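Listed below are the residues making up each chain.
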Amino acid sequence: MRQAEQDLEDARFLQEGNRHNLACFMGHQAGEKAVKAYLYHQGAEDVWGHSLADLCEDAKLLNMMFDVIKSMAILLDKYHDLTRYPHLLPGGIPSEAYDAEDGERAVYLAQEVISFVKVQMVE
């Protein structure tokens, strides 16, 4: 969870520096690491993948409350690959395809996921 929180801080830093595509990617990383932290906290030994949709489904097997955050968390999934790899975009490059609104949204979503997961880890 500590790394998820650090990734969120890094996302904020990148957003302030107008590196919106990287802020989005780090937002995804923060959310992914938070859900993985929950799964490990619950005793999972092997946690695979980067998809928050899939990770939330795994977490739902342990705690149905993850259905609540899944609808927000999956919005971060679009920031995993497209924010970094130009060949995945129909035109342009990631640093030109994302703007301040995208970065702000990714930071917000990551914060919501982390906050939710932290509550679930305490209960």
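On a predicted model such as this, the values are computed, not experimentally measured, just so you know. (Residues numbered from 1 in each chain as written. Predicted model: local features only at pLDDT ≥ 70, side-chain atom pairs only at ≥ 80, totals over all residues. Heavy atoms only, no water.)

**Comments concerning the packing of aromatic side chains**
Point 1. Counted by the stated rule, this structure contains three aromatic pairs.
Point 2. Arranged with centres 4.6 Å apart and planes meeting at 45 degrees, the rings of Tyr38 and Phe66 form a pair that is tilted. You can see Tyr38 sitting in helix H2 (residues 20-41) and its partner Phe66 sitting in helix H4 (residues 66-73), a full 28 residues away along the chain.
Point 3. Here Tyr38 falls in the buried class, since its relative accessible area comes to 2%.
Point 4. On the basis of an interplanar angle of 90 degrees and a centroid distance of 5.1 Å, the ring pair of Phe66 and Phe116 is categorised as edge-to-face. (Phe/Tyr/Trp six-rings, centres within 6.5 Å; stacked < 30°, edge-to-face > 60°. Helix = DSSP H or I, 4+ residues; strand = E, 2+ residues; numbered from the N terminus. Buried < 20%, exposed > 50% of the residue type's maximum accessible area, 1.4 Å probe, protein only.)

**Digging into the pattern of salt bridges**
Point 1. For the structure on display, the rule yields eight salt bridges.
Point 2. The closest approach of N and O atoms between Asp7 and Lys33, which form a salt bridge, is 2.6 Å. Of this pair, Asp7 sits in helix H1 (residues 2-16) while Lys33 sits in helix H2, and the two are 26 residues apart along the sequence.
Point 3. According to the relative accessible area criterion, Asp7 is buried, its value standing at 2%.
Point 4. Relative accessible area serves as the criterion here: at 28%, Lys33 is assigned to the partly exposed category.
Point 5. Two residues, Lys70 and Glu57, come together in a salt bridge whose shortest N-O distance is 2.5 Å. Within this pair, whereas Lys70 is found in helix H4, its partner Glu57 is found in helix H3 (residues 52-60), the two being separated by 13 residues in sequence.
Point 6. Because the salt bridges share partners, they merge into one network encompassing Glu57, Lys60, Asp67 and Lys70. (Salt bridge = Lys/Arg side-chain N within 4 Å of Asp/Glu carboxyl O.)

Functional significance is not addressed by these values, which are geometric in nature.
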